[in-house]
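Chains, contacts and geometry: an overview
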Amino acid sequence: MKKKWWKESVVYQIYPRSFKDSNNDGIGDINGINEKLEYLKELGVDVLWISPIYDSPCDDNGYDISDYRAILKAFGTMEDFDSMLKRAHRLGMKVMMDLVVNHTSDEHNWFIESRKSKDNPYRDYYIWKTSKQGGEPNNWGASFGGSAWEYDEKTDMYYLHLFSKKQPDLNWENQKVRDEVFDMMDWWCQKGIDGFRMDVISMISKDQSFPDGKLNGGLYGNGSPYYMNGPRVHEYLQEMNQRVLSKYDLVTVGEAAGVTIEEAKKYANEDGTELNMVFQFEHVSIGDGKLGKWTTKKFDLQELKKVMTKWQIELSGKAWNSLYLCNHDQPRSVSRFGDDRAEYREVSAKMLATCIHMMQGTPYIYQGEELGMTNAYFDKIEDYKDIETLNIFEELTSAGLISEVEMMKCIQARGRDNARTPMQWDDSENAGFSTIKPWIGVNKNYTTINAAEQMRREDSVFHYYQKLIQLRKEYAIIPNGTYCLIEESHPQIFSYTREYQNRKLLVLLNFTDKDSQITIPEEFRNKYVICLISNYKEQSISKDILLRPYEAMVLYI
Ligand code: TEU
Ligand code: CA
């Protein structure tokens, strides 16, 4: 496996709108990020992935870009960005930008031109189709509700939008679009950024016949087989790599909804002809039902062990894994996979962190995950801001597919706003995020769950993450070792080993609130074994170890 700096790095994701509000307008901003760089350095992370900060009408909180080379006014100025970038570099941290090029905002100049007329020079920057049998060109649904096609009266045609109707899909078949995108990427690389997280990059190539999708009992057809991992996606990414990425020492991660192992081996191949790694979605989709993620069903541990093991084994030596349990689209990991009841919140947050950080791949920490922040559990639909939540609530309840009461429970469990409540800095008003009421409600547990309190307490989740990150730097076995699942069918414990140059790790994780026993492998029963990290004060290491609720332990020989 080739050594690369990003294989030994830990990435921290910042959702700027909710991170820190430096000018007290209720919205996080770039100067707020700048204020907190020392905090991030203290945590020990190497790369900062910043969710979009470009000019945008914020229909989808910035994932709808209207100018790729301008900073959203509410987030600050390009000078603010330049000084934050410079300070991050001076502190030894790299900055990864969020690249959203499957679609733009409908307020982007390209789209404003494109919709003017059928012969406008920008017409084919987007995907326009005529009506079929008096309706939409096909039956695809959009991720944020409704049809994936919006009718445009002026030219009596429909344009494709896989997300909101204010997010028209770019037409990557058009060389001019690729030229514009690659030119813009190069412009940011010239400014000194260190990488890109590529939004829904697996969707940029569509099957040009645009066939109907299967209905599967939903309101719209499932078009994903015709736009996920599409016919030319690897060709486009190889062109991107040749024309931009290969010219700089970057870290690149593709958000690849629908990616399979076979596809991931192409996107993130070790020859470096496309990207460095991908975000796959199998583990965060465990438990999804007939309404997709809109369910209160808990995840199944055996399923999680199987999925995580598959990705560890099958990519090993062929492609590189990203390792994550949370991001700005997912519920808080301690609420989704751990136990956010007061008694178990911290110990289960540490256990989950151990699970991820001891695997092979690049770990991603989402803002607040290092504190064990929890879901918000807002109980009124008016408290939620996310376009996906609001549109889908309307669509599913008005279609009678779920009751409002049930849908509220699903939103409390899986809604994206759970990860978008303000970062909890201290126990002052608004959790120290802002001096005025923020754009979205603050999780009311900020008085007990906040960075200031945890930085003062040695056994906090923050200090546990700090130690995990340090271990990755000290022990080459963590980034480089092979992985093997043991005790595969154990109903409570997820346990795996790592091996590298005659050294071995044993990772023991009790995923339940009950004591649970496990027999450890022979080679870990000798007196030379050391415990690298645990989420309980003292450990008793024996042939049959009794793990306490959510106990995590890493043994090393
Ligand atoms: O997310 C793409 C994506 O697949 C999401 O729809 C995700 O699967 C879903 O929200 C889970 O419920 C990316 C960005 O991360 C997301 O924030 C944007 O809304 C979306 O693309 C459109 O740009
Ligand atoms: Ca602000």
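In what follows, the structure referred to is the one given above.
Criteria and thresholds
- Numbering of residues starts from 1 in each chain and follows the order in which that chain's sequence is written.
- By the order in which they are written, chains take letters starting at A while ligands take numbers starting at 1.
- For a predicted model such as this one, the threshold for reporting local features is a pLDDT of at least 70, and the threshold for listing and counting side-chain atom pairs is 80 or more; totals across whole chains, interfaces and linings nevertheless cover every residue.
- The basis for every side-chain value is the complete set of heavy atoms in the structure, and neither hydrogens nor water enter the calculation.
- Each Phe, Tyr or Trp ring, with Trp reduced to its six-membered ring, pairs with another whose centre is within 6.5 Å; inter-plane angles below 30 degrees give stacked pairs, above 60 give edge-to-face pairs, and intermediate values give tilted ones.
- Under the DSSP-based scheme used, a helix requires at least four consecutive residues in state H or I and a strand at least two consecutive residues in state E, with every element numbered from the N terminus.
- Whether a charge sits over a ring comes down to the Lys NZ or Arg CZ being within 6 Å of the ring centre and within 35 degrees of the ring normal.
- When DSSP finds at least two bridges between two strands, those strands are taken to pair.
- Throughout, an axis means a line fitted to C-alpha atoms (over the contacting stretch in the case of helices), and angles, computed between N-to-C directions, take values from 0 to 180 degrees.
- Should an angle fall under 35 degrees it is called roughly parallel, over 145 degrees roughly antiparallel, and 65 to 115 degrees roughly perpendicular, with every other angle called oblique.
- For a crossing to be left-handed, the near helix must be turned anticlockwise from the far one by less than a right angle; the clockwise case is right-handed.
- Working rule for contacts: check all heavy atoms of both residues, and any pair within 4.5 Å makes them a contact.
- The classification used treats Ala, Val, Leu, Ile, Met, Phe, Trp, Tyr, Cys and Pro as nonpolar, Asp, Glu, Lys and Arg as charged, and all other residues, Gly among them, as polar.
- In this listing, donors mean N, O and S atoms no farther than 2.8 Å from the metal, or 3.2 Å for Na, K and Ca; water is missing from the atoms, so a site can look incomplete.
- Only protein chains enter the area calculation, which uses a 1.4 Å probe; residues under 20% of their type maximum are buried, those over 50% are exposed, and those in between are partly exposed.

Counted by the stated rule, this structure contains 35 aromatic pairs. Between the aromatic rings of Phe111 and Tyr126, the centroid separation amounts to 4.9 Å while the plane-to-plane angle is 80°, which identifies the pairing as edge-to-face. Separated by 15 residues along the polypeptide, Phe111 in helix H4 (residues 109-114) and Tyr126 in the loop between H4 and strand S6 (128-129) bring together distant segments of the chain. Here a set of aromatic residues connected by ring pairs shows up, and it is made of Tyr54, Tyr68, Phe81, Trp110, Tyr122, Tyr125, Trp187 and Trp188. The ring of Trp425 has Lys36 sitting right over it, with the charged end atom 4.1 Å from the ring centre. Here the guanidinium or amino end of Arg123 rests over the ring plane of Trp128, the centre of that ring lying 3.8 Å away.

A few words on the pairing of strand S7 (residues 149-152). Where S7 and strand S8 (residues 157-160) come together, 4 bridges link them in antiparallel fashion. In the sheet register, Tyr151 faces S8, and the bridge partner there is Tyr158. Hairpin connection of S7 to S8: 4 residues between the antiparallel strands, including Asp156 at a positive phi of 50°.

Attention now moves to the packing of helix H11 (residues 387-398) against helix H12 (residues 404-414). Packing of H11 against H12 brings their axes to within 10 Å, and their N-to-C directions diverge by 150°. Taken together, the axes of H11 and H12 lie roughly antiparallel to each other. Here H11 runs over H12; the crossing is right-handed. For the pair H11 and H12, contact is made by Thr389, Ile392, Phe393, Leu396 and Thr397 and by Glu404, Met407, Met408 and Ile411, respectively. A class-by-class count of the residues in the contact of H11 with H12 yields 6 nonpolar, 2 polar and 1 charged.

Bringing the coordination of the calcium ion (ligand 2) into the picture now. The protein atoms that coordinate the calcium ion (ligand 2) are Asp21 (OD), Asn23 (OD1), Asp25 (OD), Ile27 (O) and Asp29 (OD), at distances of 2.1 to 2.3 Å. Counting along the primary sequence, the residues that act as donors to the calcium ion (ligand 2) give the motif D-x1-N-x1-D-x1-I-x1-D. Overall, the relative accessible area of 3% leaves Asp29 in the buried class.

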